[in-house]
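Observations on chain architecture
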Amino acid sequence: HASANKRLTKLKPSRTLSKDKYIGDFVFATADKVLATMYLAPKGIGLIMDPELKPPKIMICADEAEYKSKDKGGVIYTVDASSFVESPQKELSAYEFASIQAVQPISSEAYESSLDAMKQFGIEVEFIDQKTYDSLAH
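1. Comments concerning the overall build of the protein
Helices and strands together make up the secondary structure of the protein, namely four helices and 10 strands. When the helices and strands of the protein are placed in sequence order, the string is β-β-β-α-β-β-α-β-β-β-β-α-β-α. Over its C-alpha trace the protein gives a radius of gyration of 15 Å, about what one expects of a compact globule, namely 14 Å for 138 residues. Dimensions of the protein along its principal axes, counting C-alpha atoms only, are 40 × 30 × 25 Å. Going through the 138 residues of the protein one by one, you find that 40% of them count as buried. Put simply, of all contacts in the protein between residues at least 6 apart along the chain, 70% involve residues at least 24 apart. Carbon and sulfur atoms provide 51% of the accessible area of the protein, an area that totals close to 8400 Å².

Pasting the structure below:
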């Protein structure tokens, strides 16, 4: 589980929208550390992620300087998988799992910058403009 909050002692389910519709309250996690690292990107910025490419790639809809000013890093939390089931977001079920229960982290790895973390994991980062993002995301 990736979070910008570096001091979580319990991961609580939060209101989840999928395609702008409420689908329930969940904690999400992934077994893919590369994908979790991509989720360290600041909230509210458009992302197109492909963790399966060689190398994995993320396209970020932002000016690089603007992104860096918002990039506060975060933590990748390791959690017990026993309460997690397949994601309710079917298009993401190969990548992520969901729990309706709060879970306690087993361990954590903190990163001062999401960009530094992505580089550490060999993720190719590309900054794109809104027009390019709109054409690729839909």
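Having put the structure on the table, let's press on.
2. Things to note about the pattern of salt bridges
Enumeration over the complete set of coordinates arrives at seven salt bridges. When the shortest N-O distance is used, the salt bridge between Lys6 and Glu112 registers 3.7 Å. With Lys6 in the loop between strand E1 (2-3) and strand E2 (14-18) and Glu112 in the loop between strand E9 (105-111) and helix H3 (114-120), this pair connects stretches of sequence that are 106 residues apart. For Glu112, a relative accessible area of 63% corresponds to the exposed category. Lys33 is paired through a salt bridge with Glu109; the nearest N and O atoms lie 2.3 Å apart. Within this pair, whereas Lys33 is found in helix H1 (residues 33-38), its partner Glu109 is found in strand E9, the two being separated by 76 residues in sequence. One salt-bridge network, held together by shared partners, links Lys57, Glu124 and Glu126.

3. Focus on the packing of aromatic side chains
All chains considered together, the criterion is met by three aromatic pairs. Pairing Phe26 with Phe28 gives two aromatic rings, centres 5.7 Å apart and planes at 50 degrees, and the pair type is tilted. Pair check on accessibility: Phe26 and Phe28 agree, each one buried.

4. A closer look at the pairing of strand E3 (residues 21-29)
Remark: a regular strand shows side chains that alternate across the two faces of the sheet. Bridge analysis of E2 against E3 gives five bridges, and the strand direction is antiparallel. Bridge pairing in E3 places Thr16 opposite Gly24. Where E2 folds back onto E3 in an antiparallel hairpin, the turn is made up of two residues, including Lys19, whose phi is positive at roughly 55 degrees.

5. So, the side chain of Ser83
Along the chain, the position of Ser83 falls in the loop between strand E6 (74-79) and strand E7 (85-86). One polar contact links Ser83 to Ser99, side chain to side chain, over a distance of 3.0 Å. Setting aside anything within four residues of it in sequence, one finds Ser83 in contact with Ala98, Ser99, Gln101 and Val103.

Cut-offs applied
- Residues numbered from 1 in each chain as written.
- Predicted model: local features only at pLDDT ≥ 70, side-chain atom pairs only at ≥ 80, totals over all residues.
- Heavy atoms only, no water.
- Helix = DSSP H or I, 4+ residues; strand = E, 2+ residues; numbered from the N terminus.
- Rg over C-alpha atoms; globule rule 2.2 N^0.38 Å.
- Buried < 20%, exposed > 50% of the residue type's maximum accessible area, 1.4 Å probe, protein only.
- Contact = heavy atoms within 4.5 Å.
- Areas by Shrake-Rupley, 256 points an atom, 1.4 Å probe, with all protein chains shown as cover.
- Salt bridge = Lys/Arg side-chain N within 4 Å of Asp/Glu carboxyl O.
- Phe/Tyr/Trp six-rings, centres within 6.5 Å; stacked < 30°, edge-to-face > 60°.
- Pairing = 2+ DSSP bridges.
- Polar contact = N/O pair within 3.5 Å; in protein donor to acceptor, adjacent residues only side chain to side chain.

That is the geometry; function is a separate question.
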